[in-house]
Amino acid sequence: MAAPAEVEASLIEALGPAGPPKRTNRRASSTTVASTAGPDATAPIDEAPEDPQETATRLLERALRLGHDKDDDAEWLHSSAVKTHMRRMDPSFSEKALGYRSFSDFVKARESIAELEETGHGRLVRLRE
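In short, a report on the structure. What you are looking at is a predicted structure, and each value in this text was computed from that prediction instead of being measured.

1. What about the pattern of salt bridges?
Part 1 of the argument: Using the criterion set out here, one finds nine salt bridges in the structure.
Part 2 of the argument: A salt bridge links arginine 123 to glutamate 118; the nearest nitrogen and oxygen atoms lie 2.9 Å apart.
Part 3 of the argument: Several salt bridges converge on common partners, so that one network encompasses Glu75, Glu115, Arg126 and Arg128.

In structure tokens:
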């Protein structure tokens, strides 16, 4: 009969060490995550990334529709309220990151879906019919 130490050593060799894996304080890198996620995790995605300008245009249209639905009486909405609503729907929205100096310039570039009226200090926006 084999000694208990020999049996334990052969079990450890065959099954690996007992207990959970050792924890580290390091974050997993993308290569570590990909290697542990399986073979399909690193497969290329066929979808092309969406154009940020188109995404922002749809976001503006959605914000205007929701603003009009919320307040049926108001045909025109304050541009600052529309921008705030857009930022709530997508916190990453930034007209400056899209190359516009101001939110008004961003809206003017989308004249096919939105109309901007600038009177004094107030800027009002509405969805084009």
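Past the structure itself, the notes keep going.
2. Remarks on the pairing of strand β3 (residues 122-127)
Part 1 of the argument: Inspection of the sheet shows strand β1 (residues 77-78) paired to β3 by two bridges, in the antiparallel sense. Bridge pairing links histidine 78 to leucine 124 in β3.
Part 2 of the argument: Sheet analysis places strand β2 (residues 114-119) next to β3, joined by six bridges and oriented antiparallel. Paired with threonine 119 across the two strands is glycine 122, which belongs to β3.
Part 3 of the argument: Linking β2 to β3, which pair antiparallel, is a turn of two residues; within it glycine 120 sits at a positive phi near 60°.

3. Points about the packing of aromatic side chains
Part 1 of the argument: A full pass over the atoms with the stated rule returns four aromatic pairs.
Part 2 of the argument: An angle of 65° between the planes, with centres 5.2 Å apart, marks the rings of phenylalanine 93 and phenylalanine 106 as edge-to-face. Of the two residues, phenylalanine 93 is situated in the loop between α4 (79-89) and α5 (103-108) and phenylalanine 106 in helix α5; the sequence distance between them amounts to 13 residues. As far as the burial class goes, phenylalanine 93 and phenylalanine 106 line up, both buried.
Part 3 of the argument: In textbook terms, an aromatic cluster arises when at least three aromatic residues are bridged by ring pairs, as seen for Phe93, Tyr100, Phe103 and Phe106.

4. Some points on a negative patch on the surface
Part 1 of the argument: Judged by side-chain charge, Asp69, Asp71, Asp72 and Asp73 come together as a negatively charged surface patch.
Part 2 of the argument: Summarising the element assignment, aspartate 73 is placed in the loop between α3 (52-70) and β1.

5. What to know about the environment of tryptophan 76
Part 1 of the argument: Relative to the helices and strands, tryptophan 76 resides in the loop between α3 and β1.
Part 2 of the argument: What makes tryptophan 76 partly exposed here is its relative accessible area of 21%.
Part 3 of the argument: Along the sequence, tryptophan 76 and leucine 124 sit 48 residues apart, while their C-alpha atoms lie 5.7 Å from each other.
Part 4 of the argument: Sequence-distant contacts of tryptophan 76, defined by excluding residues within four places in its chain, comprise His68, Glu115, Leu116, Glu117, Leu124, Val125 and Arg126.

6. A few points about the packing of α3 against α4
Part 1 of the argument: Between α3 and α4, the least distance of the axes is 9 Å, while the angle of their chain directions is 115°. Judged by the sense of rotation from one axis to the other, the crossing of α3 with α4 is right-handed. Residues Ala56, Leu59, Leu60, Arg62, Ala63, Leu64 and Leu66 of α3 pack against Val82, His85, Met86 and Met89 of α4.
Part 2 of the argument: A class-by-class count of the residues in the contact of α3 with α4 yields nine nonpolar, one polar and one charged.

7. Examining the layout of surface pockets
Part 1 of the argument: The calculated volume of the largest pocket comes to roughly 260 Å³.
Part 2 of the argument: Along the walls of the largest pocket sit Ala63, Leu66, Gly67, Lys70, Asp71, Leu77, His78, Ala81, Val82, Thr84, His85 and Arg88, which together make up its complete lining.
Part 3 of the argument: Every element with two or more residues in the lining of the largest pocket is listed here: α3, β1 and α4.
Part 4 of the argument: With five residues, α4 is the largest single contributor of residues to the lining of the largest pocket.
Part 5 of the argument: The residue inventory of the lining of the largest pocket, partitioned by class, reads five nonpolar, four polar and three charged.

Definitions and limits used
- Residues numbered from 1 in each chain as written.
- Predicted model: local features only at pLDDT ≥ 70, side-chain atom pairs only at ≥ 80, totals over all residues.
- Heavy atoms only, no water.
- Salt bridge = Lys/Arg side-chain N within 4 Å of Asp/Glu carboxyl O.
- Pairing = 2+ DSSP bridges.
- Helix = DSSP H or I, 4+ residues; strand = E, 2+ residues; numbered from the N terminus.
- Phe/Tyr/Trp six-rings, centres within 6.5 Å; stacked < 30°, edge-to-face > 60°.
- Buried < 20%, exposed > 50% of the residue type's maximum accessible area, 1.4 Å probe, protein only.
- Patch = residues over 30% accessible without salt bridge, like charges linked within 9 Å, V, L, I, M, F, W, Y side chains within 5 Å.
- Areas by Shrake-Rupley, 256 points an atom, 1.4 Å probe, with all protein chains shown as cover.
- Lys, Arg positive; Asp, Glu negative; His and termini not counted.
- Charge placed at Lys NZ, Arg CZ, Asp CG, Glu CD.
- Contact = heavy atoms within 4.5 Å.
- Axes fitted to C-alpha atoms, helices over the stretch in contact; angles between N-to-C directions.
- Left-handed = near helix turned anticlockwise from the far one by under 90°.
- Nonpolar A, V, L, I, M, F, W, Y, C, P; charged D, E, K, R; others polar.
- 1 Å grid on protein atoms, 1.4 Å probe; cavity = no way out; pocket = protein on both sides within 12 Å on 5 of 7 lines; lining within 4 Å.
- Points joined across faces, edges and corners; volume = space filled by probe spheres on them.

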